[in-house]
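So the chains spell out like this:
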Amino acid sequence: MSLFDDHWNPRIVGELNGQHVKLVKAQGEFEWHKHDNEDEMFLVIEGEFDMELRDKTITIKKGEFIIIPRGVEHRPVVENEVQVMLFEPANTINTGQNEKSDLTQEKTEWI
């Protein structure tokens, strides 16, 4: 995590069985999105954040994780900077497959 300071820009740190292991720092609100073909797992390394779903909000704290099933709309909301490890298929686009935005990461950097 000490290798970068920006937010919402995951870095790949490993790969196994077609899955990428990514690290990301986040603060503020991400955009509503979904992944039609992939599940995602978020593991909080430091801090905490709220995962907004259309019907509820779940707070994930340090050492906890949440799995977002494919097709479920979600939006991470972070009051104070959080450090998260992501597990997701290698072809996962961070803002979902259907729409691109300023937050869409076209190519994920390996560190």
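Residues numbered from 1 in each chain as written. Predicted model: local features only at pLDDT ≥ 70, side-chain atom pairs only at ≥ 80, totals over all residues. Heavy atoms only, no water.

Caption draft 1: Summary view of the pattern of salt bridges. Enumeration over the complete set of coordinates arrives at 10 salt bridges. Across the pair D36 and K34 runs a salt bridge, and its minimum N-O distance is 3.3 Å. (Salt bridge = Lys/Arg side-chain N within 4 Å of Asp/Glu carboxyl O.)

Caption draft 2: How the structure looks around unusual backbone geometry. If you check the backbone angles, W8 has positive phi at about 60 degrees while not being a glycine. Among the structural elements, W8 can be located in the segment before strand 1 (11-16). Of note in this structure, N17 is not a glycine but carries a positive phi near 50 degrees. Here N17 shows up in the loop between strand 1 and strand 2 (19-29). The exposure class assigned to N17 is exposed, which follows from its relative accessible area of 78%. (Helix = DSSP H or I, 4+ residues; strand = E, 2+ residues; numbered from the N terminus. Buried < 20%, exposed > 50% of the residue type's maximum accessible area, 1.4 Å probe, protein only.)

Caption draft 3: Representation of the nonpolar core within the structure. Grouped together as the largest cluster of nonpolar side chains are 16 residues, with contacts concentrated most on F42, F49, M51, V82 and V84. Those elements giving two or more residues to this core turn out to be strand 2, strand 3 (40-46), strand 4 (48-53), strand 6 (65-68) and strand 7 (74-89). Considering each element in turn, this core owes the most residues, four residues, to strand 7. Contact partners of V84, with chain neighbours within four places excluded, come to M1, K22, L23, V24, F42, L43, I45 and F49. (Core = buried A, V, L, I, M, F, W, Y, C linked by side-chain atoms within 4.5 Å. Contact = heavy atoms within 4.5 Å.)

Caption draft 4: Here's a closer look at the packing of aromatic side chains. Within the structure shown, the criterion is met by two aromatic pairs. With centroids separated by 4.9 Å and ring planes inclined at 40 degrees, the aromatic side chains of W8 and F30 adopt a geometry described as tilted. Separated by 22 residues along the polypeptide, W8 in the segment before strand 1 and F30 in the loop between strand 2 and strand 3 bring together distant segments of the chain. Since its relative accessible area comes to 7%, F30 is described here as buried. Judged by centre distance (6.1 Å) and plane angle (55 degrees), the rings of F42 and F49 are tilted. The residues F42 and F49 share a single accessibility class, namely buried. Looking at K25, its charged tip hangs above the ring of F4, at a distance of 5.4 Å from the centre. Here R54 stacks its cationic end above the ring of W32, 3.8 Å away from the centre of that ring. (Phe/Tyr/Trp six-rings, centres within 6.5 Å; stacked < 30°, edge-to-face > 60°. Lys NZ or Arg CZ within 6 Å of the ring centre and 35° of its normal.)

Caption draft 5: Seen up close, the pairing of strand 2. For strand 1 and strand 2, the ladder comprises five bridges, and the chain directions are antiparallel. In the strand pairing of strand 2, R11 is matched with L23. As consecutive antiparallel partners, strand 1 and strand 2 are separated by two residues, and within that stretch N17 has a phi angle of approximately 50 degrees, a positive value. Here 10 bridges tie strand 2 to strand 7, and the two strands are oriented antiparallel to one another. What sits directly across from Q19, in strand 7, is P89. (Pairing = 2+ DSSP bridges.)

Caption draft 6: Local environment of a nonpolar patch on the surface. Nonpolar side chains collect at one region of the surface, where L3, V13 and I111 lie side by side and expose about 270 Å² of accessible area between them. Summarising the element assignment, V13 is placed in strand 1. When its relative accessible area of 34% is taken as the criterion, V13 is described as partly exposed. (Patch = residues over 30% accessible without salt bridge, like charges linked within 9 Å, V, L, I, M, F, W, Y side chains within 5 Å. Areas by Shrake-Rupley, 256 points an atom, 1.4 Å probe, with all protein chains shown as cover.)

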